[in-house]
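Tertiary structure, described
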Amino acid sequence: MFPVHKRISSSDGNTSRLPVSSGCEGFNFRTFRWTQTMLFAINEINQRMDLLPDTDLGYVIYDSCFTISKAVEGTLTYLTGQDEAVPNYRCGSGAPLAALVGAGGSDLSIATARILGLYHFPQVSYSSTCSALENKFQFPTFLRTIPNDKHQSTAIANLVLRFGWTWVGTIAADDDYGKYAIKDFQEQVEEAGVCISFSEVLPKVSSPKDIQRIVQTIVEDTAKIIVVFSSDVDLSPLIHELVQHNVTNRTWIASEAWITSALINQPGVNSVLGGTLGFGVKRADIPGLQHHLLEMDPYANPLTEEFWETLFNCTLDYGKAVRQARQRAVEVNSTLPRAVSGVPDGLCTGGESIAQLGNTYSDVSQLRITYSVYKAVYAVAHALHHLEHCEDGQGPFVGSSCADINNFEPWQLMYYLKNVRFKMPHTDEEVYFDEGDVEGVYDIINWQVDGNGEISYVTVGNYNGSAAPEDRMTLMNDSIMWSNEVMEPPRSVCSENCQPGTRKGIRQGEPVCCFDCIPCADGEISNSTNARACILCSYEDWSNEAHDACIPKIIEFLAFGEPLGITLIVISAFGALATIAVGVVLVAHIGTPLVKANDALLSFSLLLSLVVTFLCSIVFLGEPQHWSCMTSQVALALGFALCLSSIMGKAVVLMMRAQALKAARLKAKAAAKAAKEAAQSANSNSPDVIVTSSFNTDTNTCAEPETDRLTCGHQRAIAAVATLIQAVACTVWLIILPPHPLENTSAQNIKIILECDEGSVVFICCIFGYDILLALLAFIFAFIARKLEDHFSEAKCVTFGMLVFFIVWISFVPAYLSTRGKFMVAVQIFAILASSFGLLTCIFLPKCYVLLVKPEQNREDMMKPRPKLRDGAYTGTSASLATAGTEVNATIASTAIDD
C-alpha cells in the first residue's frame, strides 16, 4: 500500500445513493518510486537462490491516496480478497497472503494496523514513524523499518538546545504523525527552558484561509527557528505561499518526512528554505535500482500508464489523443484531416526517455525512505524463508510443529517477523526488530544553495538514539550553511541573554523565555548568564562595578601614616608642647604676683589635663585595638574632667569674690546716701553752723568683707572630688561594658570601617554628660564673676574659654553625624584639639603675655583694683575693698564742708 496519489477526488456530496469509492488525483512521483522499489526488491529476491529458493513472491498494490478512508478501504479489500470490502469475510483464492508493506503516513498505518491487528496480520511499515504505533497492546502486529519518532523528537530537541535557541515556533500536520511528534518535542524542550512562540496545525484538506493565517503568524512572530513535523504533501501549500510572500530569514528544522522531498524542493524555494536543517533516515545506494526505474514498461498496469502520461504530459490512448486533437482544432478553427491523418499531437510513443527529464522519480541520490521500503520487503522475505525452512519437530509452535509455506496463518508469520535478524545486501546493515522498532539512526542534512542557485542536500552530522547521551549527536558546525548563506548560527530568543551582573525579571503574562534583565542590587552579584537570582555577597565582600564578582571590602581606619593622620599628630604634638611651654613659663615665674593671684596648683593641673587631651587624640588614630579603644575614651573623659573641674575650682573663687564685692558695694552706697542726707538736714536747720566732724560709718563692715571664704584647699578638693567621680564612673564602665574594636559593615556598603564600639550608650552618655555638666557649672560661675574690675580679670578669660569650648562641641555634633568612616574620627579629634586650644589660648595666653611681654605689669599694685565711679559708688576686686570705705567717708566730709 503506497500513497501514489496525493488526495482523493472531490465527491459531489450526494447522499441519496449508495456511496462509491472515490478516485484519486495528484500523481506523486516520489511515492511511485517507492512502489517500483518494492517490485525491484521482489524481482531481486525471486532471482536469488539463497533466499526463498523454492518460493516466488507476488504482490498486490493498493493506492491509499494519502487518505485514511482509502487506506481502510484498501485494507478491507486486501483481507477479503474481493473488490468489495466485506469485513470479517474472506472469499479470495490463490496464493496465501503474507504481510502488508505500508501504508505510508502514520495516520494511515494507525488506521490499517488497528484492523490488521484484529486478524494478527503482519504489517511492516516503511515511513510511519509516529510514536503511538509502539503501543503493542493497540497495534500487536505492527513493525517498521524506519525509526520511531521518539528518537527524532529527542534529536530535534537536542539540536535546538545545542544552538541555544529558546524561542521556537512549531508547525505540525493535522494527523497523528504531526501531533504526537510535536507533543514529544515540546515536552522535552519546555522542560529544558525553551519556549514555544507559536504552534500551528497544517490542514489536511487544502484551505487557503488557514494557510494565509499561518503565513501571517510566521511573518509577525519573532521566532527565527521553526520546527515542522509534516509530510511533504501537507507542507507543500504552505511553502508555496511563503515563497509568494518572500518570507526569508527563518531557519527551518525538518522532519524525515520532507527533508529530502522533491515535492518541497522546487525551483524558487532556496530563498525561503536555504539553510534548512533536518533529520533523514539512513541513506543507502541500491545497485541496479536506477536501471529498473528507467527501463519501466509504460503499459505494464494502470499506474505505469498514468505515470507516463503525467510525466510526459501526453496520453498512451490513441483514441483519447485523437479526441483531444479534434477538440483543440475546433477551438482554433482549424481543419481535422492533418490531425487524424498522422500521429495526433499529445500521443505518447512509449519510447520517451525518463532519464532526460531528471525527474525525482529517477533521482537515486537520496535513497532514504526508498531504502526503508527495500528493507521492509527483505524483512518479509527472510521471515518467510525461516518459516519455509522450519524443520519438523523443531518448530516454534505447539508440539514443536512448523507452518506450511503454502498454507499458514498470519500469526505464524508474525512470529518469524518479530524475531527476524538479517543483513541487507550491498550495505551489510543488520536489520532486526526491538518491540517492532529499529534503531534510531539519522543523518543530519543541511540544505545548501550551490553555484547554480539550486539546493543540494549536504550531510553535516548524524544522530544515534541508541548511543550514550553524550555521544548521540555528532555535528560539524563549520560545514553548516545557514539561511542567507551565513556561517554563524542564527539567534532565536524572545529576550537576549542576561549577562553576568543581571538577573532575569519575569514579564507578567508572557512565557518564561520573555524576560527583562534587571541589574543586581549593590552587594549582590550574578556570575552566570541568565541567572534567575542574584547572589548576596558575604559581609566581608562587596559587589564590583559590573556586579559579576564579590571583591573584598575596603578596610578603612584613620591610619598614622596617611596625610590626615600625620597632620593631626603634628597638631596634637604642637598643642602638647605649647601646653608644656606654658607650664614652664609659669614655673619660671612661680613667685610673681600674677601667678600667685590664683591657685598655682590648679593652673598646673589644668595644664596637665590639657596635655592629656592633646595626646589622647593621637590614640584615636591607627587600627582600633582593645587597649586603644579603652584608653582613648577613658583618657578623653578623665582629661576633660580634670580640666573642667580645675576651671570650675577657679571660677568658684572668682564668683565668691564677685558676690562679696557686690555686697560691699551695696553697703558703701547705702552709707554714702545716709551721710548725704545727714549733711543736708544739718545745713537746713542752722546754715551758719560749720560741721567739723565727719559722719561715722562702720568701716569695718565694708572695709574687709569675707571675700575668700573658699581657700586653696577647698578649690583643690572640688577639683579632686569632681575628677574622682569621673574616674569611678570610668572604672565601672571599663569593668561592665568596656569599649572594644568593631567592624562596621553597615555605615558604608563598599567599606569595612574599623572603629571603636563604646560598649554601652548609657555609660558613654553618662560619662561625657558629666563632663558637660562640669563645663556648664564652670561657665556659669565664670560668667557671674566676669565684672571684676581688676587690671587682670581672669574671670573674663575663663568665660571666653568656656564659650569657645561650647561652640566647638555644639558644632561637633552635626559635623560628626554627617560624616562616615575615618572622617568621623578626624572630626572628633579636631573637636578635641580645637576645644583644648581654645581653653589654653583664652585662659593662659593673657597671663603669658604679661609675664613675657609686659613684665612691668606683674606687680602687687597692678593686682589691686582700678577705681571707677559708678553712681556714687566704687567697684573693685577683693584687694581694694578696704580703701573703698575710707574714700566714701572722705567724700561725705568734703561735701559737708563745701555746703
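What comes next is a walk through the structure. The shown structure was predicted, so the numbers you read here are calculated from the model rather than taken from an experiment.

Considerations on the state of the cysteines
- All told, the structure shown has nine disulfides when counted by the stated rule.
- Here C195 engages in a disulfide with C513; their sulfurs sit 2.1 Å apart. The sign of the S-S torsion, about 90°, decides the handedness of the disulfide formed by C195 and C513: right-handed. A residue pair is termed long-range when its members are at least 10 positions apart, and C195 in strand β7 (residues 195-202) and C513 in the loop between β16 (502-506) and β17 (515-519) qualify at 318 residues.
- On the accessibility criterion, C195 (6% relative accessible area) is buried.
- Taking relative accessible area as the criterion, C513 reaches 5% and is therefore assigned buried.

Brief notes about the nonpolar core
- Counting 99 residues, the largest nonpolar core has F185, F279, F307 and L384 as the members making the most contacts within it.
- In terms of residue count, helix α13 (residues 369-388) provides more of this core than any other element does, 13 residues in total.
- With near-sequence residues (within four places) excluded, F185 lies in contact with S153, I156, A157, V160, V168, T170, I196, V227 and F229.
- In terms of nonpolar packing, the next biggest core, distinct from the first, is built from 53 residues, L586, M655, L839 and L840 among them.

Overview of the sheet that holds strand β3 (residues 100-101)
- Pairing within the open sheet is parallel, and its three strands lie in the order β3-β4-β5. Of all the strands in the sheet, the pair left with one neighbour each is β3 and β5 (142-144).
- Pairing of strand β4 (residues 123-125) with β5, which is carried by three bridges, proceeds in the parallel orientation. Note that in β5 the partner of Q123 across the bridge is F142.

Considerations on the sheet that holds strand β9 (residues 251-254)
- Reading across from one edge, β7-β6-β8-β9-β10-β13-β14-β15 is the order of the eight strands in this open sheet, with mixed pairing throughout. Strand pairing shows two members of the sheet lacking a second neighbour, β7 and β15 (473-475), which therefore form its edges. Across the sheet, the mean angle separating the axes of adjacent strands is 25° when strand polarity is ignored.
- Here β9 pairs with strand β10 (residues 277-281) via two bridges, running parallel. Residue pairing in the sheet places A254 in a bridge with G278 of β10.

Topic: the pairing of strand β23 (residues 740-744)
- The pairing of β23 with strand β24 (residues 751-757) spans five bridges and is antiparallel. For L742, the partnering residue across the bridge sits in β24 and is E755.
- Connecting β23 to the next strand, β24, in antiparallel fashion are six residues.

Definitions and cut-offs
- Residues numbered from 1 in each chain as written.
- Predicted model: local features only at pLDDT ≥ 70, side-chain atom pairs only at ≥ 80, totals over all residues.
- Heavy atoms only, no water.
- Disulfide = S-S within 2.5 Å.
- Helix = DSSP H or I, 4+ residues; strand = E, 2+ residues; numbered from the N terminus.
- Buried < 20%, exposed > 50% of the residue type's maximum accessible area, 1.4 Å probe, protein only.
- Core = buried A, V, L, I, M, F, W, Y, C linked by side-chain atoms within 4.5 Å.
- Contact = heavy atoms within 4.5 Å.
- Pairing = 2+ DSSP bridges.
- Axes fitted to C-alpha atoms, helices over the stretch in contact; angles between N-to-C directions.

It is worth stressing that arrangement in space is one thing and function is another; only the former is reported here.
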